[in-house]
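Architecture and fold: a report
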Amino acid sequence: MGRMAWRAYPILQLLFTVLGTLAQSNTEEIRVPPSIVSPTERQQLVFVANEKVEVKCIATGQPAPSYKWLLNEHSIQSKSINFSESTGVLTFPSITAEDEGLFVCHAQSTFSNGVKVTSASGIQEIRVGRLDAFPTRTNESFISTEGNYVMIHCDENLPKYYGPITFKWYTVHNQNNIEVFPDERKFIDQGGNLHFSYVLKSDERAVTSPYKCAMSSVKAHTIQMGSNIALFVTGTGPIANSAPKLQFKTPDSFLTVEVGKNAQLECVFSGYYASNIPSETVPKITWFDQNGRAITQGGRYDIVSNGRTLTIMNVTEDDEKTYRCRGSNALGAADASLALNITSPPIWVQRLESTTVVEGKDAVFHCVTRSAKGEQSPSQPNWSLNTDQMGSTYDPNKYQFNANKTTLTVKSVNKDTDIACFQCTVANSVGMVKDDGCINVIKATEIRVRPAAEQKVMKGDVVDLTVVASTDPLYAPNLTYSWIFKNVTYTGDKAPPYVTYDFVNKLAYINTSTLTDEEFKHIAGLYRRVISHPVEAIHVDVTVQIQFGPREPVVAAPSFNYWIVGLFIGISLIIIVIFLIICVICRRYMQEGTYPVDEKETAAGLDPEKELKDSGFHELSRADYNDLDVKKTPVNFDFDDIPLGEGDDESFSEYGEEQTRFNEDGSFIGVYSQDTKKPPGQPNPPESKV
């Protein structure tokens, strides 16, 4: 029994250690900086005038962030614009052109220590869909001959507009606007100009029924009409056949396109070939890349308007090349070249990425951009800390930049002071980009219970493999334990052979007393305990060596946790208190067994002291045993000599003695009070010599 207790003691000690560790509460606050989920990129939002508009700003963080919207980098003062600090919704009850501008959402979290961390959204350019009127200009007239090419300009100075627009052409007849629809001969380019590959007498419009260019805006729910344009056509009879000739191609202003947008290339050829099929009367148009490969419909290419328009969707820098359009008919062919220029605001090479860092380590942010090929390099980044520009006031020992300020290093971060969000802004000749990234700091994983690194054991010993760790409460639910033993990994509730493992409490040991000699030989080796979560991974190694023969002296490991001593002292104090309580209870029971005579007699209305005096008892001197005439026979108090049936509980009546009298409660108080005075005529009893 003693040996079994000795074997169980180390396991019991391990259990107390683990339970004591698990009982300790983690008072660390969970902190997560705000991170804006939407909107993250710059965009233009166009709305219909006088409608109710809501723009949402959504951010995560702990504690939950509050929101604030800025207009043109200032606090919003307009009474017609409001936002919710709790939901982040920006509201325009009835939006007008006066409410337009550049809006940015700030999400801010405040921690228990008073530190405030702020994240910023992408710029939201909010506009009201509108289309201004055409500028006033004098009426124009064009004269041409039937069969010739004609182009009528919409307007060199188009009206200002927000939102998508479409160009249309009308003729006026009896004050009614009749739309001119594009066909094989007629084409409207992206600048709004009307082209005739060849005109007919039927295309003629006098001053009283002129052509008019129109712009239509869906968002503005309006159409604006341009000035009157007359077209006079001289008839010549049958149109003569003619070879294709380039008359129009997309101007350079439309050939510069930003990365990610659509490029629209256009070619218009004159030429005529008589045919009963209208589409065959005009030149056929085909497209080629700079390597001479034909471009066909499909994929990122869209060819419309009888081949006059090639659209390249979602252009990239690789689309910057020279394209060729060719118009051909039975009489010949003509070619034109169009050089597409792809440009862009700064293009991200390395964006700011939010990161989580263990306390004491460095955090690194990158803000690296470039311009499109052939464009001027971007400017040096401008940095902000929690939306405040990092000027000359920041600590250069804490915040360190590289030479061109594309990399920021935050040195030796601290959870209480260094959780923050950073913003960087970069610009070039085309535009500006802005990014936002935050740093979160967590406490390092701490080993709370660690076994001896080297353990030499003999058969019957207990091998301690218990490892208990704690980490920042943010990642405590994600903390995982695994084993590596002899190149085999054990995860979850699995453990190496012969290891007793409590998956819940992490108690782990090998009780070698239960192993055979052969099994005992296989427990030797390196046991690696890996503790990890998504940010950090650490390990604890235990080397187990087995021994046969005499036991070597074991030196106690110096890494004993002193709080365990306190735990055992506390348990001992509890046991002492329980013992004292038991003693007090026992003493009370003993006191209740002693009969309080004086109290009982006094309670019965008697005077014990007076009765004692009246009884005639007096103090006697000790009797002289030598004067006794009768010699007493020595009494043997061996209870075995008492005959059966003659115990203490037998009645005295069989000895001729008078039956005793007691009260119901077992006392004799007051029972003999009448006998304290002897009856008359009886002599006083002789004095006792005992």
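Residues numbered from 1 in each chain as written. Predicted model: local features only at pLDDT ≥ 70, side-chain atom pairs only at ≥ 80, totals over all residues. Heavy atoms only, no water.

1. Focus: the sheet that holds strand β47 (residues 488-491)
The five strands are arranged β43-β51-β50-β46-β47 in an open sheet whose pairing can be described as mixed. Two strands bound the open sheet, and with one partner strand each, they are β43 (454-458) and β47. Averaged over all pairs of adjacent strands, the angle between their axes in this sheet comes to 25°, without regard to strand direction. Of the strand pairs in this sheet, β43 and strand β51 (residues 537-547) are connected by five bridges, and their pairing is parallel. Within β51, the residue paired with K456 across the bridge is Q545. (Pairing = 2+ DSSP bridges. Helix = DSSP H or I, 4+ residues; strand = E, 2+ residues; numbered from the N terminus. Axes fitted to C-alpha atoms, helices over the stretch in contact; angles between N-to-C directions.)

2. Here's the deal with the confidence of the model for the chain
Mean pLDDT over the chain stands at 84; residues scoring 70 or higher make up 78%. In this model residues 1-8 is a low-confidence stretch, pLDDT under 50, and it forms six contacts with partners more than four residues away in sequence or in other chains. Note on residues 554-560: pLDDT is under 50 here. Beyond four places in sequence and across chains, it has two contacts. (pLDDT = per-residue confidence, 0-100. Contact = heavy atoms within 4.5 Å.)

3. Details of the state of the cysteines
Summed over all chains, the structure comprises five disulfides. Residue pairing for C57: its cysteine sulfur links by disulfide to C105, the two sulfurs lying 2.1 Å apart. Taking the sign of the S-S torsion, about -90° here, the bridge from C57 to C105 comes out left-handed. Of this pair, C57 sits in the loop between β3 (53-56) and β4 (58-62) while C105 sits in strand β9 (residues 101-110); the two residues are 48 residues apart in sequence, bridging distant segments of the chain. Note on accessibility: C57 and C105 belong to one class, buried. Shown here is the disulfide that connects C154 with C213, its sulfur atoms set 1.9 Å apart. Taking the torsion about the sulfur-sulfur bond, which here is approximately -80°, the covalent link between C154 and C213 counts as left-handed. Placement of the pair is C154 in the loop between β14 (150-152) and β15 (161-162) and C213 in strand β20 (residues 211-217), with a sequence separation of 59 residues. (Disulfide = S-S within 2.5 Å. Buried < 20%, exposed > 50% of the residue type's maximum accessible area, 1.4 Å probe, protein only.)

4. Details of unusual backbone geometry
Negative phi values dominate among residues other than glycine, just as trans dominates among peptide bonds. With omega at 0°, the peptide bond leading from S38 into P39 counts as cis. Of note, the bond from Q62 into P63 is cis; its omega dihedral lies within 30 degrees of zero at 0°. Structurally, P63 can be placed in the loop between β4 and β5 (66-71). Positioned with a positive phi, E73 is a non-glycine residue whose angle comes to about 70°. Residue placement: E73 occurs in the loop between β5 and β6 (74-75). The backbone of K506 shows a phi angle near 70°, a positive value even though the residue is not glycine. Within the secondary structure layout, K506 lies in the loop between β48 (500-501) and β49 (508-511).

5. Some points on the packing of aromatic side chains
Following the criterion strictly, the structure yields eleven aromatic pairs and no others. Judged by centre distance (6.2 Å) and plane angle (65°), the ring pair of Y399 and F422 falls under edge-to-face. With a gap of 23 residues between them, Y399 in strand β38 (residues 399-401) and F422 in strand β40 (residues 420-427) connect regions that are remote in the sequence. For F422, a relative accessible area of 1% gives the class buried. Taking 5.6 Å as the distance between ring centres and 90° as the angle between the ring planes, the aromatic pair formed by F520 and F548 counts as edge-to-face. Here F548 lies in the loop between β51 and α5 (562-593) and F520 lies in helix α4 (residues 517-521), a separation of 28 residues in the sequence. Residue F548 is classed as exposed on the basis of its relative accessible area, which comes to 53%. Taken together, the aromatic side chains of F365, Y399 and F422 make up a single cluster linked through ring pairs. The ring of Y198 carries R185 above its face, with NZ or CZ at 5.5 Å from the centroid. For K506, the ring lying beneath its charged end belongs to F503, and the centroid distance is 5.0 Å. (Phe/Tyr/Trp six-rings, centres within 6.5 Å; stacked < 30°, edge-to-face > 60°. Lys NZ or Arg CZ within 6 Å of the ring centre and 35° of its normal.)

6. Considerations on the environment of A214
Relative to the assigned elements, A214 resides in strand β20. Take A214: its relative accessible area is 1%, and that puts it in the buried class. Separated by 80 residues in sequence, A214 and F134 place their C-alpha atoms 9.0 Å apart. Each residue touching A214, except ones within four places of it in the same chain, is listed here: T166, F167, K168, Y170, I223, Q224 and M225.

7. A few points about the pairing of strand β28 (residues 309-312)
Alternating residues of β28 divide into T309 and T311 and L310 and I312, and every residue in both groups is buried. Pairing geometry for strand β24 (residues 263-272) and β28, over four bridges, is antiparallel. Across the sheet, residue Q264 finds its bridge partner in β28, namely T311. Pairing analysis gives four bridges linking strand β27 (residues 301-304) to β28, with the strands arranged antiparallel. What sits directly across from I303, in β28, is L310.

8. Some thoughts on the environment of R31
When you line up the elements, R31 lands in the loop between α1 (2-23) and β1 (32-38). Of the residues examined, R31 reaches a relative accessible area of 7% and is grouped as buried. Separated by 31 residues in the primary sequence, R31 and Q62 place their C-alpha atoms 5.4 Å from one another. Those residues within four positions of R31 in sequence are excluded, and the remaining contacts are Q62, F111, S112, N113, K415, D416, I419, N440 and L474. Looking at R31, its side chain comes within polar contact range of the side chain of E29, at 2.7 Å. (Polar contact = N/O pair within 3.5 Å; in protein donor to acceptor, adjacent residues only side chain to side chain.)

9. What about the pattern of salt bridges?
Considering all chains together, one arrives at 29 salt bridges under this definition. Its salt-bridge partner being R185, residue D203 comes within 2.8 Å of it at the nearest N-O pair. Of the two residues, D203 is situated in the loop between β19 (194-196) and β20 and R185 in the loop between β17 (176-180) and β18 (186-188); the sequence distance between them amounts to 18 residues. Between K521 and E518 there is a salt bridge, with the nearest N and O atoms lying 3.9 Å from each other. Here the residue K521 and the residue E518 both occupy positions in helix α4, the gap between them amounting to three residues, near one helical turn. (Salt bridge = Lys/Arg side-chain N within 4 Å of Asp/Glu carboxyl O.)

10. Notes on the sheet that holds β18
The three strands lie next to each other as β14-β19-β18, forming an open sheet whose pairing is antiparallel. The open sheet has two free edges, formed respectively by β14 and β18, since each of these has just one partner strand. In this sheet, adjacent strand axes meet at a mean angle of 15° when their direction is disregarded. Bridge count between β18 and β19: three bridges; the pairing is antiparallel. Along β19, the bridge assignment pairs I188 with L194.

11. Looking at the nonpolar core
By size, the foremost hydrophobic cluster in this structure holds 25 residues, and its most contacted members are W383, L408, F422 and I439. Residue assignment for this core shows that the elements contributing at least two residues are β34 (363-366), β38, β39 (407-410), β40 and β41 (432-442). Here this core gets five residues from one element, more than from any other, and that element is β40. With near-sequence residues (within four places) excluded, L408 lies in contact with A363, V364, F365, W383, Y399, Q400, F401 and F422. (Core = buried A, V, L, I, M, F, W, Y, C linked by side-chain atoms within 4.5 Å.)

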